[in-house]
Amino acid sequence: MTSYEIAANIFYSTVLVVSVILNTTACYIILFKVKKKELTHIFIISLSVTNLLESVIGLIPQIIISSEAKLEKTPLCITGSFAVFGFAVTSITHLSIFSLVRTVAIKYPIYYFKNSKRFWCRATLILICYCYGFSWAIFPVIGWSKYEIDLDKKRCSLDWRMTRPDSLSYILSILIFCNFLPGTLIAIGLYISKKVIYRRRTCKLRKNENNRSIDLLEKDYLRVCFLSSILFFAIWTPYAVVGILALSKIVPPPLLVTTAAMFSKISTISNVLTNCFINTSFRKHLLNLKIVRVFLNKKIESPRIEDV
């Protein structure tokens, strides 16, 4: 095993461990510590489960089986690619719809609070995310393009070499509907939310305590929307470049493909950090966990012992 492969395995192992810990913690806190579960909580749970499965299914085989010969001899090339790609697009769809939900909550708060508690509304939005994500993942399995060994020969991915005639139309569709469109929706959501909040601030119509709490909620939503937008474009732009090069009939450099794959794995961590761990109320629940309190108490007691 080369030094590069060792470094890559360390990176992927670190991402896997951190992703499992953070996403599991987020699900536990929301399920068992948050008493009143809003639509945003349901979305965060669904997104965390998606990222958890994406990291486990995608990273464990890649760490264990990283050579082209082994990939070709196992069924993981198709099944693994289908699952990972399906969960990745599902995660992107979660972010897009989540951004629109936050925009509706800011722009039309009465409509949001009226409909967000309804079961059919919650179930429909979550179902759309999974159906949309895995519908794109199933196409290469049933004949529209195909899954094959990636250009850096470390995993299976889409047909970036365009070995099939229909791969061009599939890659183009993926680029438009799974990258450009979600990015556009997230950017539009951020723009509308920012515009509405700033307009309300200039009006200075809300001065009572209830409205102040709404202002704080809007600030939190705007901060999350902003971070989600920045991270989305930072993480998924490398794959957009890979897609554009492939459509231009230019074989993407293996190093670029490796970089794009690494960035995409980081999304399994960044999503939960953005939606949970920067939230003040979530951090309060986190600090109240018994295991966290024990760790913090030990950390506080250690310096005291050393001082003695």
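Conventions used here
Residues numbered from 1 in each chain as written. Predicted model: local features only at pLDDT ≥ 70, side-chain atom pairs only at ≥ 80, totals over all residues. Heavy atoms only, no water. UniProt positions renumbered as here; feature names shortened; annotations may be inferred. Helix = DSSP H or I, 4+ residues; strand = E, 2+ residues; numbered from the N terminus. Core = buried A, V, L, I, M, F, W, Y, C linked by side-chain atoms within 4.5 Å. Buried < 20%, exposed > 50% of the residue type's maximum accessible area, 1.4 Å probe, protein only. Contact = heavy atoms within 4.5 Å. Phe/Tyr/Trp six-rings, centres within 6.5 Å; stacked < 30°, edge-to-face > 60°. Lys NZ or Arg CZ within 6 Å of the ring centre and 35° of its normal. Axes fitted to C-alpha atoms, helices over the stretch in contact; angles between N-to-C directions. Parallel < 35°, antiparallel > 145°, perpendicular 65-115°, else oblique. Left-handed = near helix turned anticlockwise from the far one by under 90°. Nonpolar A, V, L, I, M, F, W, Y, C, P; charged D, E, K, R; others polar. Expected span 1.5 Å × (residues − 1). Bend = angle between axes of the 7 residues up to and from the residue.

Draft legend 1. Region of interest: the UniProt feature "transmembrane region" (unreviewed entry) in the chain. This chain's UniProt record puts "transmembrane region" (unreviewed entry) on residues 6–31, 43–64, 76–98, 119–139, 168–192, 221–248 and 254–278. Along residues 43–64 one finds 100% helix and 0% strand; the C-alpha atoms at either end are 32 Å apart. In residues 254–278, the share of helix is 96% and the share of strand is 0%. The end C-alpha atoms are 35 Å apart.

Draft legend 2. Main features of the nonpolar core. By size, the foremost hydrophobic cluster in this structure holds 65 residues, and its most contacted members are Phe43, Phe85, Trp160 and Cys276. Listed by contribution, the elements that provide at least two residues to this core are helix 1 (3–32), helix 2 (39–64), helix 4 (76–107), helix 6 (119–142), helix 7 (167–203), helix 8 (209–247), helix 9 (254–277) and helix 10 (280–287). The residues touching Phe43, leaving out its near neighbours within four places in the chain, are His94, Ile97, Phe98, Val101, Leu125, Ile126 and Cys129.

Draft legend 3. Broad picture of the packing of aromatic side chains. Taken as a whole, this structure holds 17 aromatic pairs when the rule is applied. Taking the centre distance of 5.4 Å and the plane angle of 85° together, the rings of Phe232 and Phe233 count as edge-to-face. By relative accessible area, Phe232 is classed as buried at 3%. One aromatic cluster is present, formed by Tyr132, Trp136, Phe139, Trp144, Tyr170 and Phe177 through successive ring pairs. The ring of Phe98 carries Arg102 above its face, with NZ or CZ at 3.6 Å from the centroid.

Draft legend 4. Quick peek at the packing of helix 1 against helix 2. Orientation of helix 1 relative to helix 2, taken along the N-to-C sense of each, is 155°, at an axis distance of 9 Å. The angle between helix 1 and helix 2 falls in the class roughly antiparallel. Regarding helix 1 and helix 2, the two cross each other, and that crossing is left-handed. Residue classes in the contact of helix 1 with helix 2 are distributed as 16 nonpolar, ten polar and no charged.

Draft legend 5. Summary view of the environment of Asp166. Here Asp166 lies in the loop between strand 2 (156–158) and helix 7. Beyond its immediate stretch of four places on either side in the chain, Asp166 contacts Gly143, Trp144 and Ser145.

Draft legend 6. Summary view of helix 9. The terminal C-alpha atoms of helix 9 lie 34 Å apart, and with 24 residues this matches the ideal 34 Å at 1.5 Å per residue to within 8%. Most pronounced at Thr268, the bend in helix 9 amounts to some 35°. Across the 24 residues that make up helix 9, a large majority, 17, are buried.

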